[in-house]
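Observations on the model geometry
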Amino acid sequence: MTTTDLLQKLGFEKSEISGGTLSVRSPIDGAEIARVAETHVAEMPSVIRQSQSAFAEWRQLPAPRRGELVRLLGEELRAAKDDLGALVTLEAGKIVSEGLGEVQEMIDICDFAVGLSRQLYGLTIASERPGHRMMETWQPMGPCAVISAFNFPVAVWSWNTALALVCGDPVIWKPSEKTPLTAMACMKIAERALERFGDAPEGLMQLVIGGADIGEALVASKDVPIVSATGSTRMGRIVGPKVAERFGRSILELGGNNAMIVAPSADLDMAVRAIVFSAVGTAGQRCTSLRRLIVHHSIREELVSRLTRAYASLPIGDPRQSRTLIGPLVDQASRDRMMAALEQAKAEGGTVHGGRPFEDGVPRGGAYVAPALVDMPGQTAVVREETFAPILYVMGYDTIEEAIAIQNGVPQGLSSCIFTLNMREAELFLSAVGSDCGIANVNIGPSGAEIGGAFGGEKETGGGRESGSDAWKGYMRRQTNTLNYSAELPLAQGVKFDV
Ligand code: UN1
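Description of the structure in this document. (Residues numbered from 1 in each chain as written. Predicted model: local features only at pLDDT ≥ 70, side-chain atom pairs only at ≥ 80, totals over all residues.)

1. A word on the overall build of the chain
Counting secondary structure elements, the chain contains 13 helices and 21 strands. Against the compact-globule benchmark of 23 Å for 499 residues, the chain has a radius of gyration of 24 Å, which places it among compact chains. Overall, the chain is about 80 × 60 × 35 Å in size when its C-alpha atoms are taken along their principal axes. Classification of the 499 residues of the chain by burial places 52% in the buried group. A separation of at least 24 residues holds for 72% of the contacts in the chain among residues at least 6 apart in sequence. (Helix = DSSP H or I, 4+ residues; strand = E, 2+ residues; numbered from the N terminus. Rg over C-alpha atoms; globule rule 2.2 N^0.38 Å. Buried ≥ 20, exposed ≤ 12 C-beta atoms within 10 Å, placed from the backbone. Contact = placed C-beta atoms within 7 Å.)

2. As for the sheet that holds strand 21 (residues 476–484)
Read from one edge of the open sheet, three strands run 3-4-21, paired in antiparallel fashion. Only two strands of the sheet have a single neighbouring strand rather than two, namely strand 3 (124–125) and strand 21. Summarising the sheet, strand 4 (residues 132–140) and strand 21 pair through nine bridges and their orientation is antiparallel. Across the sheet, glutamate 136 pairs through a bridge with threonine 480, a residue of strand 21. (Pairing = 2+ DSSP bridges.)

3. Points about the site of the ligand
Within the structure, the ligand sits among Glu105, Asn151, Phe152, Val156, Thr230, Arg286, Cys287, Thr288, Ser447, Gly448 and Ala449. Class assignment of the residues belonging to the shell around the ligand gives a composition of four nonpolar, five polar and two charged. (Near = placed C-beta within 6 Å. Nonpolar A, V, L, I, M, F, W, Y, C, P; charged D, E, K, R; others polar.)

4. So, the nonpolar core
Among the nonpolar cores identified, the biggest contains 144 residues, and Ala113, Leu163, Val227, Met260, Val262 and Leu392 are the most heavily contacted of them. Among the elements that take part in this core, helix 3 (residues 63–92) stands out by supplying twelve residues, more than any other. When neighbours within four sequence positions are excluded, methionine 260 is seen to be in contact with Ile275, Leu290, Leu293, Ile294, Cys417, Phe419, Gly445 and Pro446. The next biggest cluster of nonpolar side chains, apart from the first, holds six residues, and it includes Cys287, Cys437, Ala449 and Phe455. (Core = buried A, V, L, I, M, F, W, Y, C linked by C-beta atoms within 7 Å.)

5. Observations concerning the pairing of strand 1 (residues 22–25)
Direction of pairing for strand 1 relative to strand 2 (residues 32–36): antiparallel, over a ladder of four bridges. When the bridges of strand 2 are listed, serine 23 appears paired with arginine 35.

6. Some thoughts on the packing of helix 3 against helix 5 (residues 155–167)
Direction vectors running N to C along helix 3 and helix 5 enclose 150 degrees, while the axes themselves pass 7 Å from each other. Comparing the axis directions of helix 3 and helix 5 gives the class roughly antiparallel. For the pair helix 3 and helix 5, the contacting residues are Ala63, Arg66, Gly67, Leu69 and Val70 in the first and Ala162, Leu165 and Val166 in the second. Classifying every residue of the contact of helix 3 with helix 5 gives six nonpolar, one polar and one charged. (Axes fitted to C-alpha atoms, helices over the stretch in contact; angles between N-to-C directions. Parallel < 35°, antiparallel > 145°, perpendicular 65-115°, else oblique.)

7. Focus on the packing of helix 3 against helix 4 (residues 96–116)
Where helix 3 meets helix 4, the axes come as close as 8 Å, and the angle between the chain directions of the two elements is 175 degrees. By the angle class used here, helix 3 and helix 4 are roughly antiparallel. Looking at the contact of helix 3 with helix 4, its residues break down into 14 nonpolar, five polar and five charged.

8. Observations concerning the sheet that holds strand 6 (residues 171–174)
The strand order 7-6-5-8-9 describes an open sheet built from five strands, whose pairing is parallel. Two strands lie at the open edges of the sheet, namely strand 7 (205–207) and strand 9 (249–253), each paired on one side alone. The average angle at which neighbouring strand axes cross in this sheet is 15 degrees, direction not considered. Here three bridges tie strand 6 to strand 7, and the two strands are oriented parallel to one another. Note on strand 7: the bridge partner recorded for isoleucine 172 is glutamine 206. Across the face of the sheet, helix 5 comes into contact with strand 5 (144–147), strand 6, strand 7 and strand 8 (226–230) while running at roughly 170 degrees to strand 5. The sheet strands contacting helix 7 (residues 212–220) are strand 5, strand 6 and strand 8, and the helix crosses strand 6 at an angle near 150 degrees.

9. Observations regarding the environment of leucine 290
Note that leucine 290 resides in strand 11 (residues 290–296). Under the C-beta neighbour-count criterion, leucine 290 is labelled buried, with 29 such atoms within 10 Å. Sequence-wise, leucine 290 and asparagine 258 are 32 residues apart; in three dimensions their C-alpha atoms are separated by 5.1 Å. Among all residues touching leucine 290, those that are not within four sequence positions of it are Asn258, Met260, Ile275, Ser278, Ala279, Leu392, Gly445, Pro446 and Ser447.

10. A look at the environment of alanine 471
One can find alanine 471 in the loop between strand 20 (466–467) and strand 21. You can call alanine 471 buried: it has 22 C-beta atoms within 10 Å. Distance from alanine 471 to serine 322, taken between C-alpha atoms, is 36 Å for residues 149 residues apart in sequence. Not counting residues up to four positions away in its chain, the partners in contact with alanine 471 are Leu163, Ala454, Arg465 and Glu466.

11. So, helix 10 (residues 297–312)
Over its 16 residues, helix 10 extends 23 Å from the first C-alpha to the last, a length consistent with the 22 Å expected when each residue adds 1.5 Å. Residues of helix 10 that are buried: Leu303, Leu307 and Tyr311. Check the buried side of helix 10 and you find it contacts strand 10 (258–262), helix 9 (268–280), strand 11, strand 12 (351–354) and strand 13 (372–375). (Expected span 1.5 Å × (residues − 1).)

12. Observations regarding the environment of serine 221
Locating serine 221 in the fold gives a position in the loop between helix 7 and strand 8. The class of serine 221 is buried, set by 22 C-beta atoms lying within 10 Å. Taking C-alpha positions, serine 221 is 25 Å from alanine 190, a pair spaced 31 residues apart along the chain.

13. Topic: unusual backbone geometry
Backbone geometry at asparagine 443 places phi at a positive 60 degrees, although glycine is not the residue there. Within the element layout of this structure, asparagine 443 appears in the loop between strand 17 (439–442) and strand 18 (454–455). Phi is positive for serine 467, which is not a glycine, with a value near 75 degrees. Given 27 C-beta atoms within a 10 Å radius, serine 467 is considered buried.

So, in structure tokens, the structure goes:
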């Protein structure tokens, strides 16, 4: 299918994809695929006002009714899965199955949220006073801004939106400037769900396209009580304090520098498969990508040689072709950053395997690279930084305690894992003195998390949680209620205050 056909199938009008000020380029070959209009910062107050008035209505609908909209959204996403997946491939450069997998995550979170819409449970609490009852209720918060990154251009919106909607909150979405088309396509899909739903308020789901000034308007507005931002730690350092300053709530999902410990007892066949998928999948551009391999000295040589062999046969190229496993990096600047990190790694004593620009049989104009495997003498400065590219640093260890210390010895804290068949090591890794990350796995790689769990991490990853488990509580306000059904007015803590 040509780009024009695909965009047409997804419902784009010609006027929406031409004549705008924002140039959209495909990472596949760097060619311009559209020029879209940007939201002017002066429009932001009215966008926010619109969201506030949608909130005034939406919060009054029973949560299971709100869930119905999300159910319809899930249905529309199922119908559009192939086309939206193909657009993710075109605009973000993901291979076909990863583009589809991303849309599957959207469908899954919708299913999850529909069930959740009947389960926004609060506690009943024992009161210390006779004839009294205490309970907790969860109430809608208000507009939720979603600031998302290029690498999961649609899924991150859906994790936030599906939950926010059932929780009673409208959403204002600012996608990455690199991926406005997939965002526009999502709004068209959502539009169909809204039409079938019938009585949803205008402005329940809004999209704003543009640069940092648009994001700043959302971050600064006290009428946007929740800001969920996914991206770099640098971005989070700006967003976090600004939202905090006005006592808003931020949900931050920032950098990751994810590690795998491979113990002597590990099933190496499984470990190799997990390593390759999580280190080079999505061309190393997931927040959860594997970036550090901490291998027991006794198996280091064997593992590195198996990985070098596996890396040598990886098909790199046009992500639309079915045999490709590694598509392009998002742009040339990203490739430059990868090359600079590899230079630094060499200067810090590393031996680099692979890691060169790749030009054989790939579309011209794309930033293709052979993934890099880098033997490091230790956890040097470059290893402690997140480089959004397929670079895997390999380090050795002697004791499990040392391995855990290396795993935890970076500023980021998103995802982590251990490959071991030794249950003492596995349990230690998951214990209070084990991994300090938001996600810790055993015999499974750090990436490709399911939506059912809470997603996010600690330290410079920002501390936010999205997606499954009780992450929905981040989109609601908790209210503690005490009800007196007696004819007395006893005070708490036994205080006497007779008037
Ligand atoms: C991200 O890279 O921002 O766990 C999210 C994963 C995906 C989500 C990644 N489910 O790899």
